[in-house]
Amino acid sequence: MKVVVIGGTGLIGSTVVARLAEHGHDPVAAAPNTGVNTITGEGLNEVLAGADVVVDVSNSPSFADDDVLAFFRTATTNLIDAAKDAGVGHYVALSVVGAERTPDSGYMRAKVAQEKLIRDSGLPYSLVHATQFFEFAAGIADSATVDGVVTLPDGGVQPVAAAEVSAAVARTSVGAPLNGVVEIGGPEVFGMDGWIRTVLAAREDDRKVLTDPSARYFGTQLTEKTLLPAEGSLLGQITLSDWLAK
């Protein structure tokens, strides 16, 4: 299959491309640095010519509420139009577990808007919902740091290795369209505060992690299960301790 991976040079996309190539498919990494821009439409028609599948794992360069919403609406609309013109038979996008349960987060609202455009497009599609990546721990800590103290809620998280998310996206892309959602999370459940505290300690980062149940996670308040995948979802095998050891 020819699989065009939008965001194919990033953390997830580059691994998706590599996995697809290993299994004999014809992946194409598409990103602004390869001449493909989903905001302007540059290169979209050319790269999608003859494609069986398009996979969107791209992300907004700005997480400001208005910017991220504009990015996903514009990019997804352009990509859907180009995919229809090219006769693409499967549209795959990566989203976030719990996005629909966190309307106070501008980023999550933007992902929900992206998903709605895909669902309503008429194209056969699959949505892969992933939990927070282990690789995001440092950024989460930094975003919650004030005067050297990290303040986080104790809501549940089930973080997963980016490599296992990439594997799930790659498998989904070469399967039959789900016209629905598949969720993937890690093998262990933590409190958000406990997860970040463990990572900082392992990295000998001496910032104190303060637990505050009312603290916001990127603008939204968490409950015990807001960010947890549904029962029966795909689970990765790499534990936090495994990931930290590497």
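Model, not experiment: these values are computed from the prediction. (Residues numbered from 1 in each chain as written. Predicted model: local features only at pLDDT ≥ 70, side-chain atom pairs only at ≥ 80, totals over all residues. Heavy atoms only, no water.)

**Quick word on the pairing of strand β4 (residues 90-96)**
- Counting buried residues along β4, seven of its seven residues qualify, which places the element largely inside the surrounding structure.
- Side chains H90, V92, L94 and V96 of β4 all project onto a buried face; the interleaved residues Y91, A93 and S95 project onto the opposite face, where all are buried too.
- With four bridges joining them, strand β3 (residues 53-56) and β4 adopt parallel strand pairing. Each bridged residue has a counterpart across the sheet, and for V54 the counterpart in β4 is Y91.
- The β-α-β motif built from β3, the intervening helix α3 (residues 65-86) and the parallel element β4 has right-handed crossover chirality.
- With helix α4 (residues 106-119) bridging β4 and its parallel neighbour strand β5 (residues 125-130), the resulting β-α-β unit is right-handed. (Buried < 20%, exposed > 50% of the residue type's maximum accessible area, 1.4 Å probe, protein only. Helix = DSSP H or I, 4+ residues; strand = E, 2+ residues; numbered from the N terminus. Pairing = 2+ DSSP bridges. Right-handed = clockwise from strand over helix to strand, strands pointing away.)

**As for the environment of A70**
- Looking at the element boundaries, A70 is found in helix α3.
- Exposure remark for A70: the relative accessible area of 40% places this residue in the partly exposed category.
- For the pair formed by A70 and D52, sequence separation is 18 residues and the distance between their alpha carbons is 27 Å.

**Here we look at the nonpolar core**
- Core analysis: the biggest nonpolar cluster contains 30 residues, and F134, I140, L152, M192, W195, I196 and L227 have the highest contact counts within it.
- If you list the elements that add at least two residues to this core, you get α3, α4, α5 (137-143), β7 (149-152), α7 (192-202) and α8 (240-245).
- Top element by residues in this core is α7. It accounts for five residues.
- Residue contacts for I140: discarding those within four places in its chain leaves L152, M192, W195, I196, Y217 and F218. (Core = buried A, V, L, I, M, F, W, Y, C linked by side-chain atoms within 4.5 Å. Contact = heavy atoms within 4.5 Å.)

**Considerations on the sheet that holds β4**
- Here seven strands make up an open sheet; going across it, the order is β2-β1-β3-β4-β5-β9-β14 and the pairing parallel. Of all strands in the sheet, those bounded by a partner on one side alone are β2 (26-30) and β14 (234-235).
- As paired strands, strand β1 (residues 2-6) and β3 are joined by four bridges and run parallel to one another. In the strand pairing of β3, V4 is matched with V54.
- Contacting β1, β2 and β4, helix α1 (residues 11-22) runs over the sheet at an angle of about 170 degrees to β1. (Axes fitted to C-alpha atoms, helices over the stretch in contact; angles between N-to-C directions.)

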